[in-house]
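Read off the chains here:
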Amino acid sequence: MSSSRLAFAQDFERQLNSYRLRQWFRLARSHEAGLQAFLDPESLRRFLHSEEADCRKPEIWRALVRSLQLHQAEGARLFVLGLLEPVLGHLMDNFGEVELEPDDLWQEIIACALQALANPRLPERRQVLAGLVKDTYKYLCLWLRREFAKAEGEAPLLDQSYDLNFDQALDGMEGEVLLAEWCRRAGVTSRDRDLIFATRIGGIPLSQLAPARTRPYNRWLRRRDRAERRLRLWLRRKNP
């Protein structure tokens, strides 16, 4: 867990029983029937973080978002974000292959979630939680594109044609340097870059890494395919 994510979790725990949050929660319960079964923020946290399927959960998220938008009390945003933490953590894990500082990524996920929570149409959606995650993901992707664009602006583009055929475009030491540069700009990790070079350029079959048609072999194959899709997408944008 990154240091900023850990600090966020600690802040959330500390303010669960704060006076201002309890005041906000009492007001929210008075306006939202779906929240009246929960006496305090802690009991609602236990319920929403449980793995038990419950038909009340979708409407509780709707009530929380509606209450947050109506009454922006101190601690209320942190409370709702803390309830979202498992979902946001899963979203962060999905971006684990992106070469960014974990602290920066977590802080941006929080910022994107706040942006999504501010959408006045969010409570009207059929599935509020799913819409919230979708919007957070959308804003995060926009931020990542900007970060990649800034990284590309740090140095001039190589005077090479962006051939989509890895085997022909990359060869020898110069090819390794070129592949490293392309992968850096495309957001492909150094481990995945080495895997592409070893198996596509170096001629090492995946079966030397793991027996064919086994689970480890399939994991290597999926990993390489995912990295190559990312690289090809970036190359196509550079060489339409």
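Okay, so let's go over this structure. These figures come from a predicted structure and were not determined experimentally. (Residues numbered from 1 in each chain as written. Predicted model: local features only at pLDDT ≥ 70, side-chain atom pairs only at ≥ 80, totals over all residues. Heavy atoms only, no water.)

## A short note on the environment of Cys 141
Here is step 1: With respect to the secondary-structure elements, Cys 141 resides in helix H7 (residues 128-152).
Here is step 2: With 29 residues separating them along the chain, Cys 141 and Cys 112 place their C-alpha atoms 9.7 Å apart. (Helix = DSSP H or I, 4+ residues; strand = E, 2+ residues; numbered from the N terminus.)

## Describing a positive patch on the surface
Here is step 1: A surface patch of like charges, here positive, comprises Arg 215, Arg 219, Arg 222, Arg 226, Arg 229 and Arg 230.
Here is step 2: Along the chain, the position of Arg 226 falls in helix H11 (residues 215-238). (Patch = residues over 30% accessible without salt bridge, like charges linked within 9 Å, V, L, I, M, F, W, Y side chains within 5 Å. Areas by Shrake-Rupley, 256 points an atom, 1.4 Å probe, with all protein chains shown as cover. Salt bridge = Lys/Arg side-chain N within 4 Å of Asp/Glu carboxyl O. Lys, Arg positive; Asp, Glu negative; His and termini not counted. Charge placed at Lys NZ, Arg CZ, Asp CG, Glu CD.)

## Concerning helix H5 (residues 76-94)
Here is step 1: For H5, which comprises 19 residues, the first-to-last C-alpha distance of 27 Å matches the rise-based estimate of 27 Å (1.5 Å per residue) to within 8%.
Here is step 2: In H5, a bend of some 55° at Glu 85 exceeds every other bend along the element, and Pro 86, a proline, comes one to four places later.
Here is step 3: Looking at H5, one finds that the buried residues are Ala 76, Phe 79, Val 80, Leu 81, Gly 82, Leu 83, Leu 84, Glu 85, Leu 88, Gly 89, Leu 91 and Met 92. (Expected span 1.5 Å × (residues − 1). Bend = angle between axes of the 7 residues up to and from the residue. Buried < 20%, exposed > 50% of the residue type's maximum accessible area, 1.4 Å probe, protein only.)

## A closer look at the environment of Leu 44
Here is step 1: Within the secondary structure, Leu 44 is located in helix H3 (residues 41-49).
Here is step 2: Exposure remark for Leu 44: the relative accessible area of 0% places this residue in the buried category.
Here is step 3: Along the primary structure Leu 44 and Leu 83 are separated by 39 residues, whereas in three dimensions their C-alpha atoms are 8.8 Å apart.
Here is step 4: Apart from residues no more than four positions distant in its own chain, Leu 44 is found in contact with Phe 25, Leu 35, Phe 38, Ile 60, Leu 64, Phe 79 and Leu 83. (Contact = heavy atoms within 4.5 Å.)

## Brief notes about the nonpolar core
Here is step 1: Counting residues in hydrophobic clusters, the biggest one holds 44 residues, and the most contacted among them are Trp 24, Leu 44, Leu 64, Phe 79, Leu 117 and Leu 140.
Here is step 2: Within the residue set of this core, elements represented by two or more residues are helix H1 (3-15), helix H2 (19-31), H3, helix H4 (57-70), H5, helix H6 (102-117) and H7.
Here is step 3: Among the elements that take part in this core, H5 stands out by supplying nine residues, more than any other.
Here is step 4: Sequence-distant contacts of Trp 24, that is, excluding residues within four places in its chain, are made with Leu 64, Ser 67, Leu 68, His 71, Ala 73, Ala 76, Phe 79 and Val 80.
Here is step 5: With 12 residues, the next largest nonpolar core counts Leu 179, Ala 186, Val 188 and Ile 196 among its residues. (Core = buried A, V, L, I, M, F, W, Y, C linked by side-chain atoms within 4.5 Å.)

## Comments concerning H4
Here is step 1: The terminal C-alpha atoms of H4, which comprises 14 residues, lie 20 Å apart, in line with the 20 Å expected from a rise of 1.5 Å per residue.
Here is step 2: Of all the residues in H4, the buried ones are Lys 57, Ile 60, Trp 61, Arg 62, Ala 63, Leu 64, Val 65, Ser 67 and Leu 68.

## Describing the pattern of salt bridges
Here is step 1: According to the stated counting rule, one finds 14 salt bridges in the structure shown.
Here is step 2: Note that Asp 54 is salt-bridged to Arg 56, the shortest N-O span being 3.1 Å.
Here is step 3: A relative accessible area of 39% places Arg 56 in the partly exposed class.
Here is step 4: Of the charged contacts, one joins Arg 62 and Glu 59 as a salt bridge, the two residues approaching to 3.1 Å between their closest N and O atoms. Remark: Glu 59 and Arg 62 occur in helix H4; sequence separation between them is three residues, near one turn of the helix.
Here is step 5: Through salt bridges that share partners, Glu 13, Glu 42, Arg 45 and Arg 46 make up one connected network.

## Comments concerning the packing of H3 against H5
Here is step 1: Relative to each other, H3 and H5 sit at 25°, their axes nearing to 10 Å. One element, H3, and the other, H5, form an angle in the roughly parallel class. The chirality of how H3 crosses H5 is right-handed. Residues Pro 41, Leu 44, Arg 45, Leu 48 and His 49 of H3 lie in contact with H5, whose contacting residues are Phe 79, Gly 82, Leu 83 and Pro 86. (Axes fitted to C-alpha atoms, helices over the stretch in contact; angles between N-to-C directions. Parallel < 35°, antiparallel > 145°, perpendicular 65-115°, else oblique. Left-handed = near helix turned anticlockwise from the far one by under 90°.)

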